[in-house]
Amino acid sequence: MSTLRVLLAAAPSPARADAWALFDDAGRCVRSGHDVPAQWPAASTREAVLAASAVRFVALTLPSMSADRIAAAVAYALEDRLAGPAQEHQLVSGPQASNGVVLVTVAPRSLTVALREQFARIVAEPASTPLPPA
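A brief structural summary. Along each chain, numbering runs from 1 in the same order as the chain's sequence is written. Only residues with pLDDT of 70 or above have their local features reported here, since the model is predicted, and side-chain atom pairs are shown and tallied only from 80 upward, although totals for entire chains, interfaces and linings are computed over all residues. For the side-chain quantities, the full set of heavy atoms in the structure was used; hydrogens and water were omitted.

## So, the sheet that holds strand S8 (residues 121–124)
Here is step 1 of the chain: Reading across from one edge, S3-S2-S1-S4-S8 is the order of the five strands in this open sheet, with mixed pairing throughout. Edge positions in the open sheet fall to strand S3 (29–35) and S8, since each of these has one partner strand only. Pairs of neighbouring strands in the sheet enclose a mean axial angle of 20°, with direction left out of account.
Here is step 2 of the chain: What makes two strands pair is DSSP finding at least two bridges between them. For the purposes of this entry, the term helix denotes a DSSP run of H or I that reaches at least four residues, the term strand denotes a run of E that reaches at least two, and both are numbered from the N terminus. Bridging between strand S4 (residues 45–50) and S8 involves four bridges; their strand directions are parallel. In the sheet register, leucine 50 faces S8, and the bridge partner there is alanine 124. Geometry is summarised by axes, namely lines fitted to C-alpha atoms with helices restricted to the contacting stretch, and by angles between N-to-C directions that run from 0 to 180 degrees.

## Comments concerning the nonpolar core
Here is step 1 of the chain: The criterion is simple. A nonpolar core is a set of buried Ala, Val, Leu, Ile, Met, Phe, Trp, Tyr and Cys residues joined through side-chain atoms within 4.5 Å. Between buried and exposed lies partly exposed: a residue is buried under 20% and exposed over 50% of the maximum accessible area for its type, with that area taken using a 1.4 Å probe on protein chains only. The biggest cluster of nonpolar side chains holds 15 residues, and the ones touching the most others in it are Val6, Leu115 and Phe119.
Here is step 2 of the chain: Broken down by secondary-structure element, the contributors of at least two residues to this core are strand S1 (3–8), strand S2 (18–23), S4 and helix H2 (109–116).
Here is step 3 of the chain: Among the elements that take part in this core, S1 stands out by supplying three residues, more than any other.
Here is step 4 of the chain: If sequence neighbours within four positions are ignored, phenylalanine 119 has contacts with Val6, Leu8, Pro12, Trp40, Arg46, Glu47 and Ala48.
Here is step 5 of the chain: Among the nonpolar cores identified, the runner-up in size contains twelve residues, and Leu60, Ile70, Ala73 and Val74 belong to it. The contact definition used throughout considers only heavy atoms, calling two residues in contact when any of these lie within 4.5 Å.

## Concerning the pairing of strand S7 (residues 101–108)
Here is step 1 of the chain: As paired elements, strand S5 (residues 56–61) and S7 share six bridges and run antiparallel to each other. Bridge pairing in S7 links valine 58 to valine 104.
Here is step 2 of the chain: As defined by bridge partners, strand S6 (residues 89–96) adjoins S7 across six bridges and the pair is classed as antiparallel. Bridged to valine 92 within S7 is threonine 105.
Here is step 3 of the chain: Hairpin geometry of S6 and S7 is characterised by an intervening segment of four residues between the two adjacent antiparallel strands and by a positive phi of about 95° at glycine 100.

## What to know about H2
Here is step 1 of the chain: Buried residues of H2: Leu111, Thr112 and Leu115, and no others. Buried residues of H2, viewed axially, fall in a sector of 95°; they line one side. This arc is built from the directions going out from the helix axis to the C-beta atoms.

## Some details on the pattern of salt bridges
Here is step 1 of the chain: A side-chain nitrogen of Lys or Arg and a carboxyl oxygen of Asp or Glu constitute a salt bridge if their distance falls within 4 Å. Inspection of every chain in the model, using the stated rule, returns four salt bridges.
Here is step 2 of the chain: Glutamate 47 is the partner of arginine 121 in a salt bridge, and the nearest nitrogen-oxygen pair spans 3.4 Å. On the criterion of sequence distance, the pair formed by arginine 121 in strand S8 and glutamate 47 in strand S4 is long-range, its members being 74 residues apart.
Here is step 3 of the chain: Owing to a relative accessible area of 43%, arginine 121 belongs among the partly exposed residues under this scheme.

## Details of the sheet that holds S7
Here is step 1 of the chain: As summarised here, the arrangement of the three strands in space is S5-S7-S6, forming an open sheet in which the pairing is antiparallel. Taken across any chain shown, the strands that pair with only one partner, and hence form the sheet edges, are S5 and S6. Pairwise comparison of adjacent strand axes, ignoring direction, gives a mean angle of 25° for this sheet.
Here is step 2 of the chain: Helix H1 (residues 67–78) contacts S5, S6 and S7 of the sheet and is inclined by roughly 125° relative to S6.
Here is step 3 of the chain: Where H2 meets the sheet, it contacts S6 and S7, and its direction lies at approximately 75° from that of S7.

## Topic: the packing of aromatic side chains
Here is step 1 of the chain: When two rings of Phe, Tyr or Trp (its six-membered ring) have centres within 6.5 Å they constitute a pair, described as stacked for plane angles under 30 degrees, edge-to-face for angles over 60, and tilted for the intermediate range. All told, the structure shown has one aromatic pair when counted by the stated rule.
Here is step 2 of the chain: Directly above the ring of phenylalanine 23 sits arginine 5, whose terminal nitrogen or CZ lies 4.4 Å from the centroid.
Here is step 3 of the chain: Just above the ring of phenylalanine 119 sits the side chain of arginine 46; from NZ or CZ to the centre is 5.0 Å. Remark: a charge is flagged as sitting over a ring if the NZ atom of Lys or the CZ atom of Arg is within 6 Å of the ring centre and within 35 degrees of the ring normal.

Shown next as structure tokens:
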């Protein structure tokens, strides 16, 4: 099983080359390149990595609440802080930390909708960067 990860700041275009990396089932990078979509290698799974320029991270401090209420609370808290109507943004919130902080990833909905058709998973570039050793 192999995974192709493509770094994207916009939906793939047949005329634009994007950076990609092919990983084996152990998670090792076996090839990489910069090509138009027609030249990307075949893989059993494809993942889109949203470039840092296409996403925004927001750390919100919310009162303690159940996990099923977090998405609605995040949308309400960010409603007046987003550029443009709320429906133009894809909000993905992580779990609430013990101090009440919720990390939220904000991306253009138009981009995530376009990518869902071609990729099994979408991840933000900053979130996919390994943390340095302690």
